[in-house]
Amino acid sequence: LSFAPSEDQVGLSFKFCLSAISSYLLPNSSSWPQLSTDTCLSISVVPPSFALNSTDLNLSAAFYHDVLVGCDYVWSITVYEPSRYQQGPATPSLQTNYTAALVGDSHDLLPPSAFFSEGQPLMVCSDRQDRVCADKSYPMTRFELRWTPSRGLEAQTFQSCFWLQERKFSRFNRLRFCANFRVSKCKTCVMRGETLLALARHYRTTWLQLWGANPHLQNPQNLSQLSFLHLGPSFHVSKDTDVTVIMQRFGMRADAFKLVNPELQAALIPKDTQVCVLTAMCRQETDSFSA
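Per chain, residue numbering runs from 1 following the sequence as it is written. Confidence filtering applies because this is a predicted model: local features only for residues at pLDDT of at least 70, side-chain atom pairs given and counted only at 80 or more, and all residues used for totals across whole chains, interfaces and linings. As a rule here, side-chain values cover all heavy atoms of the structure and leave hydrogens and water aside.

### Side note on unusual backbone geometry
With phi around 75°, Ser-113 is a residue other than glycine that occupies positive phi space. Note on placement: Ser-113 falls in the loop between β6 (100–104) and β7 (115–116). Located in the positive-phi region is Cys-186, a residue other than glycine, with phi close to 65°. Residue position: Cys-186 is located in strand β11 (residues 175–189). Numbered from the N terminus, helices here are DSSP runs of H or I no shorter than four residues, and strands are runs of E no shorter than two.

### Examining the state of the cysteines
Pairs of cysteine sulfur atoms within 2.5 Å are identified as disulfides in what follows. Under the definition given, this model contains four disulfides. Linked covalently through their sulfurs, Cys-17 and Cys-40 form a disulfide whose S-S length is 2.0 Å. One disulfide, between Cys-17 and Cys-40, carries an S-S torsion of 105° and so falls in the right-handed class. Taken as a pair, Cys-17 in strand β1 (residues 13–18) and Cys-40 in strand β2 (residues 39–44) lie far apart in primary sequence, 23 residues in all. Here Cys-17 falls in the partly exposed class, since its relative accessible area comes to 43%. Overall, the relative accessible area of 39% leaves Cys-40 in the partly exposed class. Any residue under 20% of the maximum accessible area for its type is buried, any over 50% is exposed, and the rest in between are partly exposed; the area is computed with a 1.4 Å probe on protein chains only.

Dropping the structure here:
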């Protein structure tokens, strides 16, 4: 007996009754074989329903994940089907072929270049803990949200939402979750193979200035031991100030100022703004660490 329910049959129950009859007549018997007692079974078409089991993301509306440009971030999200679990062991008779999916919201988008990995199946115990099981194990699905914030996103904030749903039947029991992200200013992760000189050229400054902003960096030619670099100090603007005043005060070029303060495009910097400044350490720029 095979049964492939359609989407329109979700929520319905069906009762099947079966009886057996022998096709063999006994010798010298003129009576028809007797039917066996009916055996009935019920089948319910349950809708897909997934729940969040655990995640590295803080989904509080008031919480912000502070991230740095150039860093590789991975957040794990594990989901399961509550209908396959009870307070103790899972219900053994309930079998589904539903597939969980995480889909970015069309309004509160994921941050630029962020994406969800394909779900990876897990086998966990009946108490939904990922450990050696004393009894049977049951399936879950683990997803990963991956994001490497690109340079130019400094000082931006993102409210990113996503749906937990069934891959094909998305109109049933969808759950929406949101997380907030804030890209920090004046810091950058060191990417593989980057040098202090290359970073200085990107940010329109000198390697001496970057070295001065990172006193813990003993050897400017070896960045492999660092996860991130400070680009410079943050300056608190106590009153509305013309951007040229700040640039002249700290000896910054306009292109360098916009690179580390991409959100400040107007001519006037509002009061109480934190400005990233690349202070001039040396008037004569050099491309040599031995200068």
